[in-house]
Amino acid sequence: MDNVKNAANYVADSVKSATSTGSKEANKQVAKDSDASIGTRASAAKDAVGDKFDEQKHDKSADVHKEAAKH
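The paragraphs below set out a description of the structure included in this document. (Residues numbered from 1 in each chain as written. Predicted model: local features only at pLDDT ≥ 70, side-chain atom pairs only at ≥ 80, totals over all residues. Heavy atoms only, no water.)

**Observations regarding the packing of helix 1 (residues 2-32) against helix 2 (residues 38-70)**
A pair of packed helices is characterised by two quantities: the angle between their axes and the separation of those axes. One way to put it is that helix 1 packs onto helix 2 with a least axis distance of 7 Å and a crossing angle of 160°. With respect to each other, helix 1 and helix 2 are oriented roughly antiparallel. Between helix 1 and helix 2 lies a crossing whose hand is left-handed. Residues that form the contact of helix 1 with helix 2 fall into these classes: 10 nonpolar, 13 polar and 13 charged. (Axes fitted to C-alpha atoms, helices over the stretch in contact; angles between N-to-C directions. Helix = DSSP H or I, 4+ residues; strand = E, 2+ residues; numbered from the N terminus. Parallel < 35°, antiparallel > 145°, perpendicular 65-115°, else oblique. Left-handed = near helix turned anticlockwise from the far one by under 90°. Nonpolar A, V, L, I, M, F, W, Y, C, P; charged D, E, K, R; others polar.)

Put into C-alpha coordinates, the structure is as follows:
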(Lines give C-alpha, C1' and ligand atoms only; values in the text may rest on other atoms or scores of the structure.)
Protein backbone atom coordinates (compact mmCIF):
# COMPACT_ATOMS: atom_id res chain seq x y z
CA MET A 1 0.00 0.00 0.00
CA ASP A 2 2.87 2.37 0.74
CA ASN A 3 4.23 1.87 -2.77
CA VAL A 4 0.93 3.03 -4.25
CA LYS A 5 0.86 6.04 -1.95
CA ASN A 6 4.46 6.93 -2.81
CA ALA A 7 3.75 6.55 -6.52
CA ALA A 8 0.72 8.84 -6.22
CA ASN A 9 2.77 11.40 -4.29
CA TYR A 10 5.48 11.20 -6.95
CA VAL A 11 2.95 11.99 -9.68
CA ALA A 12 1.41 14.83 -7.65
CA ASP A 13 4.81 16.39 -6.96
CA SER A 14 5.80 16.04 -10.61
CA VAL A 15 2.65 17.88 -11.68
CA LYS A 16 3.24 20.61 -9.09
CA SER A 17 6.82 20.98 -10.33
CA ALA A 18 5.64 21.34 -13.93
CA THR A 19 3.09 23.96 -12.86
CA SER A 20 5.78 25.91 -11.02
CA THR A 21 8.04 25.71 -14.07
CA GLY A 22 5.32 27.16 -16.30
CA SER A 23 4.58 29.94 -13.84
CA LYS A 24 8.29 30.71 -13.45
CA GLU A 25 8.76 31.02 -17.21
CA ALA A 26 5.70 33.26 -17.57
CA ASN A 27 6.93 35.50 -14.76
CA LYS A 28 10.39 35.68 -16.33
CA GLN A 29 8.83 36.92 -19.55
CA VAL A 30 6.86 39.62 -17.72
CA ALA A 31 10.01 40.65 -15.83
CA LYS A 32 11.81 41.11 -19.16
CA ASP A 33 8.94 43.04 -20.80
CA SER A 34 10.13 46.60 -21.30
CA ASP A 35 6.53 47.74 -21.87
CA ALA A 36 5.51 46.67 -18.35
CA SER A 37 5.83 49.04 -15.42
CA ILE A 38 8.79 48.77 -13.07
CA GLY A 39 6.52 47.60 -10.26
CA THR A 40 4.99 44.88 -12.43
CA ARG A 41 8.41 43.74 -13.60
CA ALA A 42 9.80 43.67 -10.06
CA SER A 43 6.81 41.72 -8.79
CA ALA A 44 7.13 39.21 -11.63
CA ALA A 45 10.84 38.78 -10.93
CA LYS A 46 10.09 38.13 -7.26
CA ASP A 47 7.39 35.65 -8.19
CA ALA A 48 9.75 33.87 -10.60
CA VAL A 49 12.24 33.36 -7.77
CA GLY A 50 9.48 31.93 -5.58
CA ASP A 51 8.36 29.66 -8.42
CA LYS A 52 11.92 28.40 -8.87
CA PHE A 53 12.06 27.57 -5.15
CA ASP A 54 8.74 25.71 -5.38
CA GLU A 55 9.90 23.89 -8.50
CA GLN A 56 13.04 22.64 -6.76
CA LYS A 57 11.09 21.69 -3.62
CA HIS A 58 8.62 19.62 -5.64
CA ASP A 59 11.40 18.01 -7.68
CA LYS A 60 13.21 16.91 -4.53
CA SER A 61 10.01 15.61 -2.98
CA ALA A 62 9.14 13.72 -6.17
CA ASP A 63 12.57 12.09 -6.18
CA VAL A 64 12.10 10.95 -2.58
CA HIS A 65 8.70 9.46 -3.35
CA LYS A 66 10.00 7.82 -6.53
CA GLU A 67 12.79 6.10 -4.63
CA ALA A 68 10.45 5.05 -1.83
CA ALA A 69 8.03 3.54 -4.35
CA LYS A 70 10.82 1.36 -5.75
CA HIS A 71 11.40 -0.38 -2.41
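**Observations concerning the environment of Ser61**
Within the secondary structure layout, Ser61 lies in helix 2. C-alpha separation for the pair Ser61 and Gly22, spaced 39 residues apart in sequence, amounts to 18 Å.

**A closer look at helix 2**
Since there are 3.6 residues in each turn of an α-helix, residues three or four apart along the chain are aligned in direction. Look at helix 2: 48 Å from first C-alpha to last across 33 residues, which is about the 48 Å you get at 1.5 Å a residue. Within helix 2, burial applies to Ala44, Ala48, Asp51, Glu55, His58, Ala62 and His65. Against the buried residues of helix 2 lie helix 1. (Expected span 1.5 Å × (residues − 1). Buried < 20%, exposed > 50% of the residue type's maximum accessible area, 1.4 Å probe, protein only. Contact = heavy atoms within 4.5 Å.)

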